[in-house]
Amino acid sequence: MNRTRGRRSPRTAGRLFDLRDEDDMRAAYDAHGAELYRFALRQLGDEGAARDVVQEVFLRAWRSAARFDPSIASLRVWLFAITRNTVVDHVRRQRARPVSPVPGDTLDNNGAVVADFSDDVMLSWILEEAMHRLSPEHRDAVVETYLRGRPHEEVAREFGVPAGTVRSRVFYGLKALRLAMDEIGVEL
Amino acid sequence: MNRDEHRELRESLGLYALDLLPEDVRTAVRAHLDGCRDCRAELAAIAPLATPLRTVDPARLGALPAPPEGLRESIVERVRA
């Protein structure tokens, strides 16, 4: 669904960032640095590598700041696209390192990382991030019924609410998830 | 159908999309969907979440890892250089 592709996220709406400006660079980092770091960490499984990638992302963004067009994609969508590329480049560099002190099986692991870097992984990670933005009530309703597979009547008894309340929390929880996905331009 | 009945059916669409409703309620929701364009649109928006949502590990939903301190200023330094 392309409908919301170009919509700016609420955090950056109404404000244009110019990454060539130091204060704007700081503001952009404050708005998106942490989630980009978590994304890189999820992909690479290594804190030092994730740190390097995020640094590289902002450097690349700074170099191409003139080409950034907020009418096409939000800053957040743009930075995520750069992060995906930077993670891929990072993994390729790791694999191509000629004199490698790592044993062969680690190279295989790196190969798996590349194979694993698919839209499915991205989608799953974004869903987890989006789950964090739900209210605890909505999140718990979705987690207990769907992810843990418990009957919603049982979940309702545990929460001390009517079964209909759990039903509606799952419904509004899913609607909020969908909105969170739309906000960053993820197609479902 | 009164407003409360409609609201109850509409709010069942989440469990319906996740295939978690008992058979009798599921049948009632399906019958309602045939005649309600608004509910079909609601369902179309949330139904695609069902499959990818399965890959979410509830154990990962605890604390979020934070980036290292000083990363922001280190980026600003690099840009300035």
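In what follows, the structure referred to is the one given above.
Residues numbered from 1 in each chain as written. Chains lettered and ligands numbered in written order. Predicted model: local features only at pLDDT ≥ 70, side-chain atom pairs only at ≥ 80, totals over all residues. Heavy atoms only, no water.

J.: Please give an account of the overall build of chain A that cites residues and values.
T.: Across its full length, chain A holds eight helices and zero strands. In chain A, the succession of α and β elements from N to C terminus is α-α-α-α-α-α-α-α. Here chain A, with 188 residues, has 49% of them falling under the buried criterion. (Helix = DSSP H or I, 4+ residues; strand = E, 2+ residues; numbered from the N terminus. Buried < 20%, exposed > 50% of the residue type's maximum accessible area, 1.4 Å probe, protein only.)

J.: Break down the overall build of chain B for me, citing the residues and quoting the values.
T.: Scanning chain B for helices and strands turns up six helices and zero strands. Written out in order from the N terminus, the α and β elements of chain B read α-α-α-α-α-α. Residues counted as buried form 40% of the 81 residues belonging to chain B. Intrachain contacts of chain B at a sequence separation of at least 6 include 47% that bridge at least 24 residues. Of the roughly 4,900 Å² of accessible surface on chain B, 49% is carried by carbon and sulfur atoms. (Contact = heavy atoms within 4.5 Å. Areas by Shrake-Rupley, 256 points an atom, 1.4 Å probe, with all protein chains shown as cover.)

J.: Describe the interface of chain A and chain B, listing the residues and the values that go with them.
T.: Each partner contributes to the interface: chain A provides 41 residues, whereas chain B provides 43 residues. Among the residues of chain A in contact with chain B, Tyr146(A), Arg167(A) and Phe171(A) are the three that bury the most area, contributing 17% of the side total. Summed over the shared surface of chain A and chain B, the number is six salt bridges. Close ionic contact of Arg167(A) with Glu8(B) constitutes a salt bridge, the shortest N to O distance being 3.4 Å. On the surface where chain A and chain B come into contact, there are 13 residue pairs in polar contact (both at pLDDT 80 or more). (Buried area = accessible area lost by both parts, 1.4 Å probe. Salt bridge = Lys/Arg side-chain N within 4 Å of Asp/Glu carboxyl O. Polar contact = N/O pair within 3.5 Å; in protein donor to acceptor, adjacent residues only side chain to side chain.)

J.: Any details on the side chain of Ser124(A)? Residues and values, ideally.
T.: Within the secondary structure, Ser124(A) sits in helix H5 (residues 119-133). Classification of Ser124(A) by relative accessible area gives buried; the value is 6%. Ser124(A) has contacts with Arg42(A), Thr55(B) and Val56(B), leaving out every residue within four places of it along the chain.

J.: Which residues make up the environment of Ser64(A), and what values go with them?
T.: Residues and elements named next belong to chain A. Summarising the element assignment, Ser64 is placed in the loop between helix H2 (47-63) and helix H3 (75-96). Residues Ser64 and Leu19, 45 residues apart in the sequence, show an inter-C-alpha distance of 8.9 Å. In terms of polar contacts, Ser64 uses its side chain to reach the backbone carbonyl oxygen of Arg60, at 2.7 Å.

J.: Could you give an account of helix H1 (residues 22-44) of chain A, with specific residues and numbers?
T.: Residue and element names in this part refer to chain A. Counted at 1.5 Å a residue, the expected span for H1 with its 23 residues is 33 Å, but the 28 Å between its end C-alpha atoms falls short. Where H1 bends most, the angle comes to about 55°, and this point is His32. Most of H1 sits out of view: 17 of its 23 residues are buried. Its side-chain oxygen placed 3.0 Å from the backbone nitrogen of Asp23, Asp21 serves as the N-cap of H1. (Expected span 1.5 Å × (residues − 1). Bend = angle between axes of the 7 residues up to and from the residue.)

J.: Residues and numbers for the packing of helix H3 (residues 23-35) of chain B against helix H4 (residues 37-46) of chain B, please.
T.: Residue and element names in this part refer to chain B. It is the contact of H3 with H4, at a shortest axis distance of 6 Å, that shows an interaxial angle of 115°. Taken as axis vectors, H3 and H4 run roughly perpendicular relative to one another. Between H3 and H4 lies a crossing of left-handed hand. Contact with H3, carried on its side by His32, Leu33, Asp34 and Gly35, involves Arg37, Cys39, Arg40 and Leu43 of H4 and no other residues of that element. A class-by-class count of the residues in the contact of H3 with H4 yields three nonpolar, two polar and three charged. (Axes fitted to C-alpha atoms, helices over the stretch in contact; angles between N-to-C directions. Parallel < 35°, antiparallel > 145°, perpendicular 65-115°, else oblique. Left-handed = near helix turned anticlockwise from the far one by under 90°. Nonpolar A, V, L, I, M, F, W, Y, C, P; charged D, E, K, R; others polar.)

J.: Outline unusual backbone geometry, supporting the account with residue identities and numerical values.
T.: Positive phi values are uncommon outside glycine, yet Asp19(B) reaches one of about 55°. In this fold, Asp19(B) is placed in the loop between helix H2 (13-17) and H3.

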